[in-house]
Amino acid sequence: MTDAVDHIVDVAGLTKHFGHFRALDGLDLRVRAGEVAGFLGPNGSGKSTTIRVLLGVYRHDGGTVRVFGLDPHADAVAIHRRLAYVPGDVNLWPQLTGGECIDVLLSLRGVRVDSGMRKKDLIERFELDPTKKASTYSKGNRQKVALIAALSADAELLILDEPTSGLDPLMTHQFTECVRERAAAGSAVLMSSHILAEVEQLCDTVTIIRDGATVQAGTLTELRHLRRSRVTAVIDGAATDLADVAGVHDFASRDGEVTFTVDDTGLAAVTRALASHDVRSLSVAPPSLEELFLHAYDEEV
């Protein structure tokens with residue numbers, strides 16, 4: 001498989017204008033088969049606009065956009081046969097039951113509903129009562145209907161826009177497991193979310209955007225190499241010399257406990273310095289996704 005084909009979603013230099021407003025400003029985004037890609041940014045950063053371009057709802061003004069190697073606008077029908085989309089706010093047919101809504105959503109994609117073992121399993125896992133009218137459903141149950149329909153199909157690409165909105169922690173766990181299973185089966189997953197812990201737990205790669213442009217992209221490991229780890233140690237005796245080690249920042253000492261952050265390049269020097277002290281406990285934590293996200297939005301960097 002060539003690199004171009006291997007990227008189910010391949011976006012480079014994407015631009016989109018609404019009048020004089022530039023919603024997307026040279027955005028880059030790639031998602032491979034079997035990969036769960038996190039798509040992060042605050043409201044107004046361009047996430048929803050990007051997704052609508054990928055779905056063929058909007059024409060892009062510049063750059064290149066390919067989904068399965070096809071143009072999302074010109075080849076929308078062919079692309080939609082191979083993807084499933086779950087929005088963050090799901091509207092259903094109020095007079096249909098939840099089960100009927102799932103069947104309609106599957107039939108729109110050409111999936112046979114008379115061979116729905118996966119659908120039945122998902123209904124059980126998400127604890128949905130499919131006999132109730134959609135008009136009686138809470139936001140969480142409406143979200144379950146859309147997720148069950150998307151996960152029941154053999155979609156090669158899942159586009160999930162704030163997919164756990166309205167779900168409780170138990171159902172969020174089920175969602176996580178189901179997405180992992182789909183990715184393990186070879187599906188590409190693009191997930192927009194503002195829940196950083198959820199993305200950190202589930203995603204293989206992360207793209208962070210700001211004002212319609214990509215500001216950070218890569219695996220969590222790659223991004224963490226660019227940032228500082230946090231060190232906490234309990235040491236007998238004074239350890240103020242650690243503050244002078246190259247790469248150490250934000251040093252603090254209180255009641256025998258020292259804390260500081262250290263650049264990736266300074267870890268070896270810190271390790272040697274700690275070896276000269278009587279260390280009772282030590283922890284080194286890589287930067288969280290939240291720290292990476294905030295760093296990407298720090299105007300002083």
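Residues numbered from 1 in each chain as written. Predicted model: local features only at pLDDT ≥ 70, side-chain atom pairs only at ≥ 80, totals over all residues. Heavy atoms only, no water.

Looking now at empty space enclosed by the protein. This structure, assessed with the given rule, holds one cavity of 30 Å³ or more. In this structure, the largest cavity encloses a volume near 30 Å³. Taken together, Ile-208, Gln-216, Leu-223, Arg-227 and Leu-292 form the lining of the largest cavity. (1 Å grid on protein atoms, 1.4 Å probe; cavity = no way out; pocket = protein on both sides within 12 Å on 5 of 7 lines; lining within 4 Å. Points joined across faces, edges and corners; volume = space filled by probe spheres on them.)

The subject of this paragraph is the nonpolar core. With 47 residues, the main nonpolar core has Phe-126 and Phe-175 as its most contacted residues. A per-element tally of this core places helix H6 (residues 139-152) first, with seven residues. Of all hydrophobic cores here, the second largest spans 24 residues; its members include Leu-24, Val-31, Ala-188 and Ile-209. (Core = buried A, V, L, I, M, F, W, Y, C linked by side-chain atoms within 4.5 Å. Buried < 20%, exposed > 50% of the residue type's maximum accessible area, 1.4 Å probe, protein only. Helix = DSSP H or I, 4+ residues; strand = E, 2+ residues; numbered from the N terminus.)

Inspection of every chain in the model, using the stated rule, returns two aromatic pairs. Taking 5.3 Å as the distance between ring centres and 75 degrees as the angle between the ring planes, the aromatic pair formed by Phe-18 and Tyr-58 counts as edge-to-face. Of this pair, Phe-18 sits in strand S1 (residues 7-18) while Tyr-58 is found in the loop between helix H2 (47-54) and strand S4 (62-67), placing the two residues 40 residues apart along the sequence. You can call Phe-18 partly exposed: its relative accessible area is 37%. Geometrically, the ring pair formed by Phe-251 and Phe-260 is stacked, given 6.1 Å between the ring centres and 25 degrees between the ring planes. For Phe-251, a relative accessible area of 26% gives the class partly exposed. For Phe-260, a relative accessible area of 0% translates into the label buried. Cation over ring: Lys-16 sits above Phe-18, and NZ or CZ is 5.2 Å from the ring centre. (Phe/Tyr/Trp six-rings, centres within 6.5 Å; stacked < 30°, edge-to-face > 60°. Lys NZ or Arg CZ within 6 Å of the ring centre and 35° of its normal.)

Below, the discussion takes up the state of the cysteines. Summed over all chains, the structure comprises zero disulfides. No disulfide involves Cys-101; its sulfur sits 19 Å from that of Cys-178, the nearest cysteine. Given the relative accessible area of 0%, Cys-101 is considered buried. Cys-203 supplies the cysteine sulfur nearest to Cys-178, a cysteine that is in no disulfide, at a spacing of 15 Å. (Disulfide = S-S within 2.5 Å.)

So, about the sheet that holds strand S6 (residues 157-161). On the basis of which strands lie adjacent, the open sheet formed by six strands has the order S5-S6-S7-S3-S8-S9 and mixed pairing. Only two strands of the sheet have a single partner each, and these edge strands are strand S5 (83-86) and strand S9 (213-219). The average angle at which neighbouring strand axes cross in this sheet is 15 degrees, direction not considered. Strands S5 and S6 of the sheet are contacted by H6, whose axis makes an angle of about 170 degrees with S5. Set on the sheet, helix H11 (residues 289-296) makes contact with strand S3 (36-40), strand S8 (205-210) and S9; between it and S8 the angle comes to about 30 degrees. (Pairing = 2+ DSSP bridges. Axes fitted to C-alpha atoms, helices over the stretch in contact; angles between N-to-C directions. Contact = heavy atoms within 4.5 Å.)

What follows deals with the packing of helix H4 (residues 98-108) against H6. When two helices pack together, their arrangement is given by the angle between the helix axes and by the axis-to-axis distance. As a packed pair, H4 and H6 sit with axes 9 Å apart at the nearest point and diverge in direction by 40 degrees. By the angle between their directions, the pair H4 and H6 is classed as oblique. Of the two possible hands of crossing, H4 and H6 adopt the one that is right-handed. Contacts between H4 and H6 pair Gly-98, Cys-101, Ile-102, Leu-105 and Leu-106 from the former with Val-145, Ile-148, Ala-149 and Ser-152 from the latter. Counted by class, the contact of H4 with H6 contains seven nonpolar, two polar and no charged residues. (Parallel < 35°, antiparallel > 145°, perpendicular 65-115°, else oblique. Left-handed = near helix turned anticlockwise from the far one by under 90°. Nonpolar A, V, L, I, M, F, W, Y, C, P; charged D, E, K, R; others polar.)

Another aspect to go through is the pattern of salt bridges. Counted according to the given criterion, the structure contains 13 salt bridges. A salt bridge links Glu-181 to Arg-125; its shortest N-O distance comes to 3.1 Å. With a gap of 56 residues between them, Glu-181 in helix H7 (residues 169-184) and Arg-125 in helix H5 (residues 117-125) connect regions that are remote in the sequence. Here Asp-236 makes a salt bridge to Arg-280, at a shortest N to O gap of 3.5 Å. Here the residue Asp-236 occupies a position in strand S10 (residues 229-236), and Arg-280 occupies one in strand S13 (residues 278-285), the gap between them amounting to 44 residues. Arg-280 gets classed as exposed once you look at its relative accessible area, which sits at 58%. (Salt bridge = Lys/Arg side-chain N within 4 Å of Asp/Glu carboxyl O.)

What follows covers H4. Looking at H4, one finds that the buried residues are Gly-98, Gly-99, Cys-101, Ile-102 and Leu-106. What you see down the axis of H4 is that its buried residues fit within an arc of 160 degrees, all on one side. Each element contacted by the buried residues of H4 is listed here: H5 and H6. Positive phi appears at Gly-110, one or two residues downstream of H4, with a value of about 80 degrees. (Arc of directions from axis to C-beta.)

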